[in-house]
Amino acid sequence: YAWEKELEELGYVSDWQVEYKWDGIRGQIVKRNDEIFIWSRGEELVTNQFPELVEAIKQLEGDFVIDGEILALKDNEVLLFNDLQKRLNRKNVTKKLLDDVPIGFYVYDMMESEGEDIREQPMKKRREHLEQLFKSVPIDNSTLFLSETINTESWEELIPIREQARERNSEGLMLKHKASPYHVGRKTGDWWKWKVDP
């Protein structure tokens, strides 16, 4: 849900994880027993559409389920959703298409680690699991990214960061309480979208 009140009503900024809100395709990647599956938010299996993601995930250690955003990325810059659309619903992904519209995955969250369901653990703890996983990402990686967290001393400092989000092709910011479990569906209270005006 969108946040439209005074930020101070959320309490201390230090209790919140703040990230950019990206406009891509929400996806969940499952890696179990060396098998990899990529699911869209609409519960559609899209593994074959993103071969570079499969190759990147193969290089990570262990079994896990991660949640994030599939984005069109070139030179580590997020492209527009219109660029991403060129890659969607393709039965054959040509080399030209792979070169013209490279794909990246910004990882927000982790739901399962080594077969253990961790969705009820607080976000702060799940983030630690993610950071541990990302220690096995190759140095030359250009596909998998741990979603950047924005640390500030006050809510006020976030206002210009949000206002400049469009310069990064971001829709604004996400505010997630560090004590929150992993949510499914539209829950309110501890996950908020703080978008820039279109």
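You'll find the structure just up there.
What counts and what doesn't
- Residues numbered from 1 in each chain as written.
- Predicted model: local features only at pLDDT ≥ 70, side-chain atom pairs only at ≥ 80, totals over all residues.
- Heavy atoms only, no water.
- Buried < 20%, exposed > 50% of the residue type's maximum accessible area, 1.4 Å probe, protein only.
- Helix = DSSP H or I, 4+ residues; strand = E, 2+ residues; numbered from the N terminus.
- Contact = heavy atoms within 4.5 Å.
- Core = buried A, V, L, I, M, F, W, Y, C linked by side-chain atoms within 4.5 Å.
- Pairing = 2+ DSSP bridges.

A. Representation of helix α1 (residues 51–58). Looking only at α1, the buried set comprises E52, L53, V54, A56 and I57. Those residues of α1 that are buried are in contact with β2 (25–32), β3 (35–40), β4 (64–74), α3 (95–100), β6 (103–113) and β8 (144–146).

B. Expanded view of the nonpolar core. The biggest cluster of nonpolar side chains holds 27 residues, and the ones touching the most others in it are L53 and I66. Elements with a contribution of two residues or more to this core: β3, α1, β4, β6 and α4 (123–133). If sequence neighbours within four positions are ignored, L53 has contacts with I29, I38, I70, I103, F105, T143 and L144. By size, the runner-up hydrophobic cluster in this structure holds 23 residues, among which are F145, W155, W192 and W194.

C. Inspection of the pairing of β2 at higher detail. As paired strands, β2 and β4 are joined by 7 bridges and run antiparallel to one another. Of the residues in β4, the one forming a bridge with V30 is V65. As judged from the 6 bridges shared by β2 and β3, these two strands associate in the antiparallel manner. Bridging from a neighbouring strand, Q28 pairs with W39 of β3. Hairpin connection, β2 to β3: the antiparallel pair is bridged by 2 residues, and N33 has positive phi, about 50 degrees.

D. The arrangement of the pairing of strand β9 (residues 170–177) in detail. Burial analysis of β9 places 7 of its 8 residues in the buried class, which makes it a mostly covered element. Sheet topology places strand β1 (residues 16–22) next to β9; 7 bridges connect them, and they run antiparallel. Note on β9: the bridge partner recorded for K21 is G172. For β9 and strand β10 (residues 191–195), the ladder comprises 5 bridges, and the chain directions are antiparallel. Its bridge partner being in β10, M174 is matched across the sheet by K193.

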